[in-house]
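Residue-level listing of the chains:
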Amino acid sequence: MENFDFYNPVKILFGKGKIAELGKHIPKDAKILMTYGGGSIKKNGVYDQVMDALKDYNIIEFGGIEPNPHFETLMKAVEIVRNEDIDFLLPVGGGSVVDGTKFIAGAAYFEGDEWDILAKRAPISKAVDFGAVLTLAATGSEMNSGGVITKAVTKEKLAFGNPLLFPKFSVLDPETTYSLPMRQITNGIVDAYVHVMEQYLTYDVNSPVQDRFAEGLLLTLIEEGPKALAAETIDYENRANLMWAATMALNGLIGMGVKSDWATHMIGHELTAFHGIDHAVTLAIVLPGLLTQLKEQRGEKLLQYAERVWNITEGTDEERKVLAIQKTEEFFQSVGVATRLGDHNVGKDTIDTITKRFEGRGYVGMLPDVGVKDVAEILEARL
Ligand code: NZQ
Ligand code: ZN
């Protein structure tokens, strides 16, 4: 196992009715900017619950943070934070609202061009405190210190992160997810699954704790995911297990001491940037291609995954690896995701554009086994 520093200070407030406890976790004299997305929280009662819990507080609202949040929109909130002396932020929504608010928190005190926080990974030295109310189980943003922001004008989707950007707390009430459309429940299952794969399906470093945690999360998603889609009535326990699985998939724990990749995410972000394809869907398109490309290099882990997650024990090494990749893609399809570029009207011209972008950047993920030259091959196999 490799050396690591594990730090995760996020207090998780999990379960039914937990929004009512918000007041226990925010300083009484805080001036709050509550941020949200396109309005789902006003239809499903979450907004009312938050306002009820915070009726004695001084709150300003900022709505309209879009999925794959835009730098341009977020900068309007940064101005409000600066002009109104806001000292606490409260995102209420999915990963986009939480990510967007992390950016607002870091940009508010930043001197210089705020886009550099993303484009140049410019460090921030101070951030506004924030806590989150999560309404969509998928990204893990509620318990990590990273985010992904899009500059609409240049179609760039870039990641950023800083230990100052951990939420102080996150409220995870599975009942808030009851109003999600099926498409977003599916997205959550697939995104969490691929978060685990990015950290698990790489190279063996003798990390049985991380491996068994990762396999447990994958098996949970495989068991609970289809139940959520098939259920005629919503099952609280099912939603609770999905929500916790998604949080655990990207709160840092399973990534400690192992070789993480993130190439699938980096390629996927480009598909969202150029075509607006939902984040999770891009991952379901890219991952089977990436694993096929790396069948030899990552063979040992692929065989472990085949056996422990999919019970594949018969056949040659090659046959078991191929079947495990096929099972993975079939799982994504079984929850309703179309896994080919062609399904989303993406053709060869986009592959060329994306390849050029990676050529300019000079790297793809965090491991040397996916080089810039591999991007086109991976995507061409997914046409
Ligand atoms: O905007 P509203 O009206 O709230 O509607 C949202 C949005 O349209 C809706 N929604 C959310 N909760 C709902 C609901 N609708 C009904 N009932 C509810 N309870 O769902 C739509 C999608 O929301 P969004 O926040 O965009 O989804 P998600 O949580 O999947 O977030 C995706 C973003 O997170 C980034 C992605 O790149 C993407 O920008 N990621 C962030 C990560 C992180 N911070 O660690 C890691 C991930 O890999 C990912 O990259
Ligand atoms: Zn993701």
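Provided above is the structure to which this section pertains.
These numbers come from a predicted model, not from an experiment.

Asker: Account for the pattern of salt bridges, naming residues and giving values.
Answerer: All chains considered together, the criterion is met by 24 salt bridges. In this structure, the salt-bridge partner of Lys-24 is Glu-21, at a minimum N-O distance of 3.8 Å. Residue class for Lys-24 comes out exposed when judged on its relative accessible area of 63%. With a shortest N-O distance of 3.0 Å, Glu-114 and Arg-82 are connected by a salt bridge. One end of the pair, Glu-114, is in the loop between α4 (95–107) and α5 (116–119); the other, Arg-82, is in helix α3 (residues 71–84), with 32 residues separating them in the sequence. Residue Arg-82 is classed as partly exposed on the basis of its relative accessible area, which comes to 29%. Linked by salt bridges that have partners in common, Lys-18, Glu-21 and Lys-24 make up one network.

Asker: Give me the site of ligand 1: which residues, what numbers.
Answerer: Lining the immediate surroundings of ligand 1 are 33 residues, of which Gly-38, Gly-95, Ser-96, Asp-99 and His-195 lie closest. Contacts to ligand 1 include Lys-157, whose side-chain N or O atom sits 2.7 Å from an oxygen atom. Side-chain polar atom of His-265 to an oxygen atom of ligand 1: 2.8 Å apart, as the coordinates give it. Protein chains shield 88% of the accessible area of ligand 1, which is 960 Å² for the free molecule. Mapped by element, the contributors of at least two residues to the shell around ligand 1 are α4, β6 (146–151), α6 (182–200) and α9 (263–275). Tallied by class, the residues present in the shell around ligand 1 amount to eight nonpolar, 22 polar and three charged. In terms of domain composition, the shell around ligand 1 takes at least three residues from each of domain 1 (11–176) and domain 2 (182–380).

Criteria and thresholds
Residues numbered from 1 in each chain as written. Chains lettered and ligands numbered in written order. Predicted model: local features only at pLDDT ≥ 70, side-chain atom pairs only at ≥ 80, totals over all residues. Heavy atoms only, no water. Salt bridge = Lys/Arg side-chain N within 4 Å of Asp/Glu carboxyl O. Buried < 20%, exposed > 50% of the residue type's maximum accessible area, 1.4 Å probe, protein only. Helix = DSSP H or I, 4+ residues; strand = E, 2+ residues; numbered from the N terminus. Near = heavy atom within 4 Å. Polar contact = N/O pair within 3.5 Å; in protein donor to acceptor, adjacent residues only side chain to side chain. Areas by Shrake-Rupley, 256 points an atom, 1.4 Å probe, with all protein chains shown as cover. Nonpolar A, V, L, I, M, F, W, Y, C, P; charged D, E, K, R; others polar. Domains from an automatic or database assignment.

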